[in-house]
Amino acid sequence: MNGPLTLRFTEWRCGHHGQRPADIPVQSVQQAQLILQAIANAISQPGHARAVLFDANTGRTAYVTDDYAEPLPEASSYRTVVYHGSPTEIADLEGLQDAFDAAYGGTLRRWDGAAWLDDMEVMTTLSAAEIEVATAPVEWHEEDQRHPVCDLPPVLKPAAELLAELREVKADMEAEAAELAQDGTVLRRPSVLAASSGGEVRP
């Protein structure tokens, strides 16, 4: 994990009032683990909590109960990237699925704010503020009103950023297809990488 780290409790079913603690800035995974263990030592059954430790792109999850804090995993998971934009921008992204598949692999799906976030990237017409509300931890007192939609908080990016990248990828694909057509070669699959347009090739 790189850069600033944040320890966030995503579920908090302990304490007399069930008051979930605010996010805690930490310096290392080890420091976060010590905090989790200290809290575990203060929990009485049947109380428990869940926490996430995350940086700008990745995160780890842990379960905490009486006298036990699950070790934070050694490997981090990538946080879902949510591209948000206007209905027109999202429709344009849907028209660039071939370019997205060539650059990243897979399909870019729409997200409605209620479905579980289990893809690497999704797109939505929800605003950044609406996404923050939809993905915020569910407090103990509001569990009857809504349900969690993710373990790790997503990374929010403007759809315009991805649109610009995929339009470059599309242009490269078309140029390659035209060049191969002139040579009499049949193009079976685009060979464009995200790196060719300045994008990041994900693992």
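Thresholds, definitions, all that
Residues numbered from 1 in each chain as written. Predicted model: local features only at pLDDT ≥ 70, side-chain atom pairs only at ≥ 80, totals over all residues. Heavy atoms only, no water. 1 Å grid on protein atoms, 1.4 Å probe; cavity = no way out; pocket = protein on both sides within 12 Å on 5 of 7 lines; lining within 4 Å. Points joined across faces, edges and corners; volume = space filled by probe spheres on them. Helix = DSSP H or I, 4+ residues; strand = E, 2+ residues; numbered from the N terminus. pLDDT = per-residue confidence, 0-100. Contact = heavy atoms within 4.5 Å. Phe/Tyr/Trp six-rings, centres within 6.5 Å; stacked < 30°, edge-to-face > 60°. Buried < 20%, exposed > 50% of the residue type's maximum accessible area, 1.4 Å probe, protein only. Polar contact = N/O pair within 3.5 Å; in protein donor to acceptor, adjacent residues only side chain to side chain. Pairing = 2+ DSSP bridges. Salt bridge = Lys/Arg side-chain N within 4 Å of Asp/Glu carboxyl O.

Asker: What's the story with the layout of surface pockets in this structure? I'm lost.
Answerer: In this structure, the largest pocket occupies an estimated 400 Å³ of space. What lines the largest pocket is a set of 25 residues, among which Thr10, Arg50, Pro148, Cys150 and Asp151 lie closest to the centre. Counting residues per element, the ones that place at least two in the lining of the largest pocket are strand S1 (5-13), strand S3 (48-54), strand S4 (58-65) and helix H4 (128-135).

Asker: I tried to follow the confidence of the model for the chain on my own but got confused; where do I start?
Answerer: For any part of a model where pLDDT is low, the fine detail of the predicted coordinates should not be relied upon. Put simply, the chain has an average pLDDT of 90, and 91% of its residues get 70 or more. This model gives residues 192-199 a pLDDT under 50, and the stretch forms 20 contacts once residues within four places in sequence are excluded.

Asker: Where do I start with the packing of aromatic side chains in this structure?
Answerer: The geometry of an aromatic ring pair is captured by two quantities: the separation of the ring centres and the angle between the planes. The tally for this structure, following the rule as stated, stands at 2 aromatic pairs. With 5.1 Å between their ring centres and 80 degrees between their planes, Phe9 and Trp12 make a pair best called edge-to-face. In this pair, the class of Phe9 matches that of Trp12, namely buried. Ring geometry for Phe100 and Tyr104: centres 5.3 Å apart, planes at 35 degrees, overall tilted. Overall, Tyr104 belongs to the buried group, its relative accessible area being 14%.

Asker: Explain the environment of Trp12 to me, please; I cannot follow it from the model alone.
Answerer: In this structure, Trp12 sits in strand S1. By relative accessible area, which is 13% here, Trp12 ends up buried. In this structure, the C-alpha to C-alpha distance between Trp12 and Pro137, residues 125 residues apart in sequence, is 9.3 Å. Ignoring any residue separated from it by four or fewer positions in sequence, one finds Trp12 in contact with Gly18, Gln19, Arg20, Pro21, Ile39, His48, Ala49 and Trp140. At 3.1 Å, the side chain of Trp12 forms a polar contact with the backbone oxygen of Cys14. Of note is the side chain of Trp12, whose polar atom sits 3.3 Å from the backbone oxygen of Gln19.

Asker: What am I meant to see in the pairing of S4 here?
Answerer: As a general feature of sheets, a regular strand has side chains that alternate between the two faces. For S4, a buried count of 6 out of 8 residues is recorded, marking the element as mostly surrounded by other parts of the structure. Across 7 bridges, S3 lies against S4 in antiparallel orientation. Within S4, the residue paired with Arg50 across the bridge is Tyr63. Taking the residues that link successive antiparallel strands as the turn, the S3-S4 hairpin has 3 residues. In terms of strand pairing, S4 meets strand S5 (residues 68-69) through 2 bridges, oriented antiparallel. Bridge assignment links Val64 to a residue of S5, and that residue is Ala69. Between S4 and the antiparallel strand that follows it, S5, lie 2 residues; Asp67 among them carries a positive phi value of about 60 degrees.

Asker: It is not clear to me how the pattern of salt bridges should be interpreted in this structure. Could you clarify?
Answerer: In a structure, side chains of opposite charge can pair up when their charged atoms sit close to one another. Applying the stated criterion across every chain, the model contains 8 salt bridges. Close ionic contact of Asp23 with Arg8 constitutes a salt bridge, the shortest N to O distance being 2.8 Å. Linking Asp23 in the loop between S1 and strand S2 (24-26) with Arg8 in strand S1, this pair joins segments that are 15 residues apart in sequence. Using a relative accessible area of 34% as the deciding quantity, one classes Asp23 as partly exposed. We note a salt bridge from Glu142 to Arg146, for which the minimum N-O separation is 3.1 Å. Taking the relative accessible area as the measure of exposure, Glu142 reaches 17% and is therefore buried. Taking relative accessible area as the criterion, Arg146 reaches 21% and is therefore assigned partly exposed.

Asker: I would appreciate a short explanation of unusual backbone geometry in the present structure.
Answerer: Residue Pro46 is reached from Gln45 by a cis peptide bond, and omega for that bond is 10 degrees. Despite not being glycine, Asp67 has its phi angle at roughly 60 degrees, a positive value. Turning to its location among the elements, Asp67 is positioned in the loop between S4 and S5. Under the relative-accessibility criterion, Asp67 is labelled exposed at 52%.

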